[in-house]
Amino acid sequence: MKKIKISPSILSADFSQLGKEIKRLEESDADMIHVDVMDGHFVPNLTIGPPVIKTLRKYTKLTFDVHLMISPVHKYIKDYADAGADIITIHPEATENLNKSISHIKELKKKVGVSLNPDTKIDVITDILNNIDLVLIMSVFPGFGGQKFIPKVVDKIKELNKIKKEKKLNFDIEVDGGINFSNSKTVIEAGANILVSGTTIFKENDGNLKKNIEKLRTI
Ligand code: DX5
Ligand code: ZN
């Protein structure tokens, strides 16, 4: 059983103090930092891009788990790799050729993730599961923090975990969106080994990051 990792989303952090917030997350035993990149086109919101990631890179050695909610995505992948992304996760709908984009991320020596929106079926990616490091299961429709968890994705996590075991593959299963203390156990038991959380980590228990990260990790 893989160790459960927590990847706090800085979308819920204080954007005027992002460097300090990342330091706080590191001191609160975050396993990696989830960076939500939004372009106002693939999703109806706009956040940060390569220049900001580049400046944040010097604040921590933690893995930058970069979630690209941008389209078209292929031509921008190198910019995020150069800015300091360690994991680059893309949405299949955002590229004309998923295999080409996956190969491009690997050529840049970065880990590759593919994200499935709540209404995107697993069979869109079954053929490439042996070629990626991570599947990011969206448990909300991407674009905003603080949304409600969509329970139907639990069955998708279970189905993906079953395929992973049958094919003896080793990719991580990461879940993203509306993760809180009442659903974290369910998604872990379904097969997730990385949990993304923004609102729960930054807002619960008066914003006690360490306590919230530990509570999400422990089932
Ligand atoms: C939504 C983002 C998620 C989101 C998670 O598009 O991909 O990472 O910020 O935030 P919470 O935990 O607040 O749902
Ligand atoms: Zn995300």
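Scroll up for the structure.
Each value, and the rule that gives it
Residues numbered from 1 in each chain as written. Chains lettered and ligands numbered in written order. Predicted model: local features only at pLDDT ≥ 70, side-chain atom pairs only at ≥ 80, totals over all residues. Heavy atoms only, no water. Helix = DSSP H or I, 4+ residues; strand = E, 2+ residues; numbered from the N terminus. Buried < 20%, exposed > 50% of the residue type's maximum accessible area, 1.4 Å probe, protein only. Polar contact = N/O pair within 3.5 Å; in protein donor to acceptor, adjacent residues only side chain to side chain. Near = heavy atom within 4 Å.

### Thoughts on the side chain of His67
On the secondary structure map, His67 appears in strand β3 (residues 63-69). Overall, the relative accessible area of 1% leaves His67 in the buried class. A polar contact is formed between the side chain of His67 and the side chain of Asp36, at a distance of 3.1 Å. A polar contact of 2.8 Å, which involves the side chain of His67, links it to the side chain of His91.

### Regarding the site of ligand 1
For ligand 1, the set of nearby residues contains 20 residues, the closest of which are Asp36, Gly143, Asp176, Gly198 and Thr199. Within the side chain of His67, one N or O atom sits 3.3 Å away from an oxygen atom of ligand 1. Between ligand 1 and Gly146 there is a distance of 2.8 Å, counted from an oxygen atom to a backbone nitrogen or oxygen. The set of elements that each furnish at least two residues to the shell around ligand 1 consists of β2 (32-38), β3 and β8 (194-197). Top element by residues in the shell around ligand 1 is β2. It accounts for 3 residues.

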